[in-house]
Amino acid sequence: MKNKYSIISLFTGAGGLDLGFLLNGKFDIKFANEILKAPVLTYSKNFKIPISESRNLKEIEMPVIIHNNIENIDFSDFPLKNIDVVIGGPPCQDFSVLRGKSKRKGVEVKRGRLYSHFVRALVHLKPKVFLFENVPGLITSNEGFAFETIKEDFKNLSLRWDEVKKLVQNGSEIEKNIGYELIFSNVLEFYVLGVPQIRRRLIIIGIRNDLINNLDLIMRRNIEKNLRDELEGKKFNFKYYPLTPLEVFEGKILTDLQEKYEKIMKDYSNIADEVNTPRAKIWKNKIFKNLTFNIIDDYIYLNKYKKLDSLEYMRFVKDVMAEHEEVLKLLDYLNKPIRINKFPDNSNKIPNESKNVIERMSKIPPGENYAFLNGTKWEVKGLMSNIYRRVHPLEPAQTVIAYGGGGTWGYHYEKDRGRLTNRELARLQTFPDWFLFSGNSQEIRAQIGEAVPPLAGYRISKVLEQILSFFD
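Source: prediction; values computed, not measured. Every chain is numbered independently, its residues counted from 1 as its sequence is written. Local features in this predicted model are restricted to residues whose pLDDT is 70 or higher, and side-chain atom pairs enter the listing and the counts only when it is 80 or higher, whereas totals over whole chains, interfaces and linings include all residues. Side-chain metrics in this entry use all non-hydrogen atoms of the structure; hydrogen atoms and water are not considered.

A. Representation of the sheet that holds strand β4 (residues 64–67) within the structure. We call two strands paired when DSSP finds no fewer than two bridges between them. Only DSSP runs of H or I covering at least 4 residues are called helices, and only runs of E covering at least 2 are called strands; the numbering of each starts at the N terminus. Here we have eight strands laid out as an open sheet, ordered β3-β4-β2-β1-β5-β8-β10-β9, and mixed in their pairing. The open sheet has two free edges, formed respectively by β3 (51–52) and β9 (180–189), since each of these has just one partner strand. Contacts are assigned to residue pairs with any non-hydrogen atoms lying within 4.5 Å of each other. For helices, the fitted axis covers only the stretch in contact; all axes are lines through C-alpha atoms, and the angles between them, taken along N-to-C directions, range from 0 to 180 degrees. Taken strand by strand, helix α4 (residues 145–155) contacts β8 (129–134), β9 and β10 (200–208), and its axis lies near 145° from that of β9.

B. View of unusual backbone geometry. Along the chain, Met-62 connects to Pro-63 via a cis peptide bond; the corresponding omega equals 5°. For Pro-63, the position within the fold is in the loop between β3 and β4. Despite not being glycine, Asn-82 has its phi angle at roughly 55°, a positive value. Tracing the backbone shows Asn-82 in the loop between β4 and β5 (85–88). Of note, Asn-276 is a non-glycine position whose phi angle comes to about 60°, a positive value. Within the secondary structure, Asn-276 is located in the loop between α10 (271–275) and α11 (278–286).

C. Highlighting the nonpolar core. Ile-205, Phe-316, Leu-464 and Ile-467 are the most contacted members of the largest nonpolar core, which has 109 residues in total. Counting residues per element, this core draws most heavily on helix α17 (residues 454–469), which supplies eight residues. Excluding its chain neighbours within four sequence positions, the residues that come into contact with Leu-464 are Phe-21, Phe-27, Val-85, Val-129 and Ile-205. Side-chain atoms within 4.5 Å are what join buried Ala, Val, Leu, Ile, Met, Phe, Trp, Tyr and Cys residues into a set we call a nonpolar core. Burial here depends on accessible area, computed with a 1.4 Å probe over protein chains only, as a share of the maximum for the residue type. Under 20% is buried, over 50% is exposed, and the range in between is partly exposed. With 38 residues, the next largest nonpolar core counts Ile-73, Leu-122, Val-123 and Ala-146 among its residues.

D. Highlighting the pairing of β8. Extensive coverage of β8 is indicated by the burial of six of its six residues. Residue alternation in β8 divides its side chains into two sets, Val-129, Leu-131 and Glu-133 and Phe-130, Phe-132 and Asn-134, and both sets are buried. Sheet analysis places β5 next to β8, joined by four bridges and oriented parallel. Residue pairing across strands places Ile-87 opposite Leu-131, the latter belonging to β8. In this structure, β8 lies alongside β10, joined through six bridges in antiparallel fashion. Pairing of Leu-131 across the sheet is with Ile-205, part of β10.

E. Fine view of helix α9 (residues 258–266). Those residues of α9 not exposed but buried are Tyr-261, Ile-264 and Met-265. Projected down its long axis, α9 shows its buried positions confined to an angular sector of 90°, all on one face. Along α9, exposed side chains directed more than 90 degrees from the buried face belong to Glu-259 and Lys-263. On its buried face, α9 sits against α8 (245–250) and α12 (295–302). Throughout, the arc means the angular range of directions from the helix axis out to the C-beta atoms.

F. Local environment of the side chain of Glu-368. Its location among the elements puts Glu-368 in the loop between α14 (355–361) and α15 (422–428). Pairs of N or O atoms are called polar contacts if they sit within 3.5 Å, as long as, within protein, a hydrogen donor faces a hydrogen acceptor (for residues adjacent in sequence, only side-chain-to-side-chain pairs). For Glu-368, the side chain forms a polar contact with the side chain of Arg-279, separated by 2.7 Å.

G. Region of interest: the packing of aromatic side chains. Two aromatic rings, drawn from Phe, Tyr or Trp (for Trp, its six-membered ring), form a pair once their centres lie within 6.5 Å of each other, and the interplanar angle then sorts them: stacked below 30 degrees, edge-to-face above 60, tilted otherwise. For the coordinates displayed, the defined rule picks out 27 aromatic pairs. Ring geometry for Tyr-299 against Phe-316: centres 5.9 Å apart, planes inclined by 50°, an arrangement best described as tilted. Note that Tyr-299 is positioned in helix α12 and Phe-316 in helix α13 (residues 310–330), a separation of 17 residues in sequence. Just as Tyr-299 is buried, Phe-316 falls in that class too. Here the aromatic rings of Trp-434 and Phe-435 are separated by 6.1 Å at their centres, their planes lie at 55°, and the arrangement is tilted. Here a set of aromatic residues connected by ring pairs shows up, and it is made of Tyr-43, Phe-47, Phe-431, Trp-434, Phe-435 and Phe-437. Throughout this description, the term charge over a ring refers to an Arg CZ or Lys NZ atom that lies within 6 Å of the ring centre and within 35 degrees of the ring normal. Here the basic side chain of Arg-419 rests over the ring of Trp-409, its NZ or CZ set 4.5 Å away from the ring centre. The aromatic ring of Phe-236 is capped on one face by Arg-459, whose charged end is 4.3 Å from the ring centroid.

H. Representation of the packing of helix α1 (residues 16–24) against α17 in the model. Contact geometry for α1 and α17: axes closest at 7 Å, N-to-C directions at 55°. Relative to α17, α1 is oriented oblique. Handedness of the α1/α17 crossing: right-handed. Across the interface between the two elements, Gly-16, Leu-17, Leu-19, Gly-20, Phe-21, Leu-23 and Asn-24 from α1 touch Pro-454, Gly-457, Tyr-458, Ser-461, Lys-462, Leu-464 and Glu-465 from α17. These descriptions rest on fixed angle ranges, namely under 35 degrees for roughly parallel, over 145 for roughly antiparallel, 65 to 115 for roughly perpendicular, and the rest for oblique. The hand of a helix crossing depends on one turn: near helix anticlockwise from the far one by less than a right angle means left-handed, and clockwise means right-handed.

I. Highlighting the environment of Pro-432. Among the structural elements, Pro-432 can be located in the loop between α15 and α16 (441–450). Overall, the relative accessible area of 1% leaves Pro-432 in the buried class. In the structure, Pro-432 is positioned 39 residues away from Pro-393 in sequence and 20 Å away in space, judged by C-alpha atoms. What Pro-432 contacts, discounting residues up to four positions off in sequence, is Leu-19, Leu-331, Tyr-333 and Arg-423.

What follows is the structure, encoded as C-alpha cells:
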C-alpha cells in the first residue's frame, strides 16, 4: 500500500471536501485551483500550501494552489504522473438541453462551460479514480438529460471528447478507449454520515476502465456494495440517531447535556400564548405539550423514532453515544463549548441585530420559522422555509446556505440569541475550530455555505482509500 495517495482538487473553494481527505491521513494534496481570492487565502493558510498565479504548470513546484481561472490552466502537459484521485464540484448552471422542433433533430446538449473543464482535466490527467460532486437538482434538470449526458461523458471520455473540446477550445488529441466505470452516482444525505445538518449532494465516483476491468466480477460487486453501504450510512446509527446542533455547539454528547437542554426549552414555555396564532397553537398542542424535558426522551420523540425499550436504551447509551463522541473527537469539539472559544478570524463574533429582528426572534421557538408569526405585528413575508428559522437543539439543522439576507442566516436555539455566528455555521458544516477563514464576514459565510462538509469528505475518503488499495 502507498504511504499516501495523490489528489488533484479543482473548483476547490475553501477546501471542505479536501479537508476530509486531509483528516484521513492517507492522502496528499498536490494541486488545487480556485478563482476567488478569499478562499484561496483560506486554503493556503490551513493546508500550508503556497499560492501561485502562474498559468504555466511547468514553472511551479507542488504542492500548490493556483489562483486563476481553470480555463487558463493547461493540463495537457501536467508535470505529475500516475495521479490517484481528481476531486471537484464544477458549477453546472449553464448546462442546457435544447429540443428540436422535429423528431429528426432529436436532442441537442449544450454542456456547461465549467463542467467541460472538469472533463478536460480528466482527459489529460487520467486519474485512477475521480470524485464529482454537485447539487441534487442536476439529476432532474432538463428532464434528466443533463445528468445522463454527464454520466455518458465520464463513461466514454474518448468518444465524447470531440464534442467537449469545442467548448473548452483545447484541440489536444487523446488516446482511445479512455473512460470510467461509475461505481456510484446518487444523492447523499450527509446527516446519515454524522453531519449535524440536513444537506444533500450529488456524488459521482468513477474508476478508470483499464483498472476496474482487471478485477473479477465478485470483487467489483463487493467494492460497489461496500461503497453504497458506507456512503448511505448503513454502517452508522446516524440515520435514526443524528448528531445534533446542541452537541456540536456544546462539545458534549446528549447524555451530558440534560441541564442545558432543559433550560433552553423551558425558556419557551409561554411563547405560544404570547404569539397566539393558529400555528403557535398547533405547536403548543402537538409539540411542546409532548415534551418531557428529558433530553433522551425528547430527542427520540423529535426525531420520530419509536420509543426505546430497555435493551435499545442501553444500546443507545453505549453504542450510539460512543459514535457521537467519536465525531466530536475527530473534529476536536469534545469538551470545547463554542461560546468560550476565541478565534483570530473573528468568525465567532455575534452579529449585531436590529431591534425588530431581536423582538421577532424572541417569539419564534426552536424548529419554527417566520410563519409562526403570521397574523401578528411581527409578521414578515417569506418564500422559503429557512427564513427566520430557529435551529432546534435536538434535530439536524436546516441546510447552511452561502448567501442571502432577510433572515436566511439561521438562528440560535437559545431564546436570547439571534443569528448564528460564522463559526457556529462552520461547526454545523463540521469544520474543525483550528480551520481559520480569510476574508470579510460575508466572504467567510460564502466559503462555509458553499463547502462540502469535511466530515462527509472524510467518510468518502475512507471508501476511496479502500478502493485505491486494490490498484497499488
